[in-house]
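Below are the chains, spelled out letter by letter.
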Amino acid sequence: MTSAYEELLWASEDEPVSRRTFLSGALLGGAGLLAGLHSKEAVANALAGRRPSQVQGIGVPKGLVRLAFNENPVGASPKAIEAVMAHQDWMNRYDYTTTLQKALIRFHKLDIPRPSGFDFKAVGDQHGLILGVGTTELLQLLALEAFMGHGETIEALPSYGQITRVGDELREAGYPVLARRVPVTPDGNHDLEAMRQLITDRTGLIIICNPHNPTGSLLPHQDVIDFIDQVPPHVLVTVDEIYIHFVRDPAYQDFMELAKERENVLVLRTFSKAHGLGGMRVGYGVGHHKIIKRLAPFSMGLLGRNNLSVHAAAAAVDDTDHIQRSQQVVWEGNDYLSKELQKLGASVLPSHANFLWVDFGRETRRIVRELWTKKVMVRAGAGAWESPNHIRVSTGSKAENEAFIWTLDQILA
Ligand SMILES: Cc1ncc(COP(=O)(O)O)c(C=O)c1O
């Protein structure tokens with residue numbers, strides 16, 4: 001299984017691009033961008049065709065339908081591409097700018113007066129901001145701080161699982177730590193009451209992923225507030241809301257404001273999803289300055305900051321056109337995929353994210369293997385997610401979604 005998966009990943013590397021082609025492509029792309037052509041052409045290409053071989057996804061070789069990593073099928077924010085091109089000569093320099101910190105402080109109205117270019121975090125009297133190599137780095141340091149400082153964590157099952165992975169590996173290496181996992185409810189949501197009951201004096205961290213990966217479920221805002229009100233102050237509650245842009249209800253309130261007010265709440269955000277910058281690796285956390293200072297020693301620090309990524313992310317922060325385009329493609333894709341998957345006999349949870357959690361009522365390993373061999377990549381629910389009857393399929397472009405359904409239909413037939 002792993003080898004078929006790796007083969008597909010390798011297949012995405014077999015398109016060497018010469019420096020000359022790259023440069024002329026970049027220039028053409030830039031000219032196209034300025035004329036508004038880049039995204040139109042790319043999106044039109046991505047929308048054509050319905051069999052895997054006919055599909056040209058953005059950022060992958062033709063014929064590969066990559067729906068396994070919750071990536072943005074629309075591509076990167078055009079403003080980010082423009083910023084990368086404008087700063088391409090800066091590659092020889094370390095990033096000592098405050099560009100990204102300032103953009104985030106402005107965007108989230110954080111009370112942080114003087115960010116420093118010589119730091120990867122920024123703190124004020126109340127608020128704090130920390131940058132990471134994606135939110136994955138931030139999850140890594142949250143896990144390390146919780147296990148080293150306290151000993152235990154609580155995470156849902158299934159979930160993204162970074163905290164549990166670190167905990168299990170530390171335990172295997174002989175450290176006296178415990179990563180507790182709490183099965184989600186049948187509607188795919190965190191079982192907050194069961195999580196609360198597992199809190200001990202040693203609990204350092206509870207992670208709430210909302211919307212949740214891999215189920216796509218969303219918790220009622222007030223339920224999370226009530227839960228946090230009952231959590232003792234020694235426990236840090238981290239709300240990983242990296243899929244928040246795909247929530248359809250415009251009245252849904254995220255947890256950014258709460259993170260600014262409470263001393264034990266941290267919110268995680270990323271540029272990898274709605275902004276389309278997964279490959280640039282930029283995430284951030286917002287919370288009380290004391291939390292940020294507690295996490296900082298575990299981070300790789302300033303030189304985890306990537307010069308081009310910083311400018312791409314800063315330009316993408318408020319690219320609402322691109323975010324809205326991405327939302328539209330994802331919402332339409334989710335409607336289409338849910339309908340077609342149900343026609344094929346599967347049940348699908350309502351999704352508030354850019355993927356669907358699909359229950360086939362029987363083992364899916366073989367279905368997933370067959371999909372991979374036909375160059376359609378999705379994630380099996382077996383393994384760490386302990387959900388052998390499920391698959392998680394990321395929402396693609398119209399053509400990618402159609403190619404996935406077409407291929408799945410062939411396999412099931
Ligand atoms: C719930 C969740 N958290 C964090 C991440 C990490 O994202 P990144 O490191 O790209 O910010 C992912 C990636 O898919 C995820 O699903």
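Above this text you will find the structure in question.
Residues numbered from 1 in each chain as written. Predicted model: local features only at pLDDT ≥ 70, side-chain atom pairs only at ≥ 80, totals over all residues.

(A) Expanded view of the pairing of strand β4 (residues 152-157). Burial within β4 is extensive, with five of its six residues counted as buried. Here β4 pairs with strand β5 (residues 178-183) via six bridges, running parallel. Note on β5: the bridge partner recorded for E155 is R181. You can see the chain leave β4, run along helix α7 (residues 162-172) and come back into β5, and the turn it takes is right-handed. Two strands pair when backbone bridges link them, and β4 and strand β6 (residues 203-209) are joined in this way by three bridges, in the parallel orientation. Within β6, the position partnered with I154 by the bridge is I206. (Buried ≥ 20, exposed ≤ 12 C-beta atoms within 10 Å, placed from the backbone. Helix = DSSP H or I, 4+ residues; strand = E, 2+ residues; numbered from the N terminus. Pairing = 2+ DSSP bridges. Right-handed = clockwise from strand over helix to strand, strands pointing away.)

(B) Focus on helix α15 (residues 398-412). With 15 residues, α15 should cover 21 Å at 1.5 Å per step; its first-to-last C-alpha distance of 21 Å lies within 8% of that length. If you check which residues of α15 are buried, you get A399, E400, N401, E402, A403, F404, I405, T407 and L408. (Expected span 1.5 Å × (residues − 1).)

(C) Spotlight on the site of the ligand. Taken together, 13 residues lie around the ligand, and G134, T135, T136, T270 and S272 are the ones closest in. Residue contributions to the shell around the ligand peak at three residues, all from helix α6 (residues 134-149). When the residues that make up the shell around the ligand are grouped by side-chain class, the tally is three nonpolar, nine polar and one charged. (Near = placed C-beta within 6 Å. Nonpolar A, V, L, I, M, F, W, Y, C, P; charged D, E, K, R; others polar.)

(D) Region of interest: unusual backbone geometry. With an omega of -5°, the peptide bond between L157 and P158 qualifies as cis. In this fold, P158 is placed in the loop between β4 and α7. Backbone torsion omega between N210 and P211 reads -5°, so that peptide bond is classified as cis. Residue position: P211 is located in the loop between β6 and α9 (221-230). Backbone geometry at K375 places phi at a positive 65°, although glycine is not the residue there. Inspection of the secondary structure assignment puts K375 in the loop between α14 (365-373) and β12 (376-377).

(E) Representation of the environment of N92. Topologically, N92 is positioned in the loop between α4 (78-86) and α5 (99-107). Each C-alpha atom of the pair N92 and N307 lies 9.0 Å from the other, and the pair is 215 residues apart in sequence.

(F) Looking closely at the pairing of strand β14 (residues 390-394). Across the five residues of β14, five count as buried, placing the element largely inside the fold. Where strand β11 (residues 355-359) meets β14, five bridges bridge the pair, whose relative direction is antiparallel. Residue W357 lies in a different strand from β14, and its bridge partner there is R392. Where strand β13 (residues 379-380) and β14 come together, two bridges link them in antiparallel fashion. Bridge pairing links A380 to I391 in β14.

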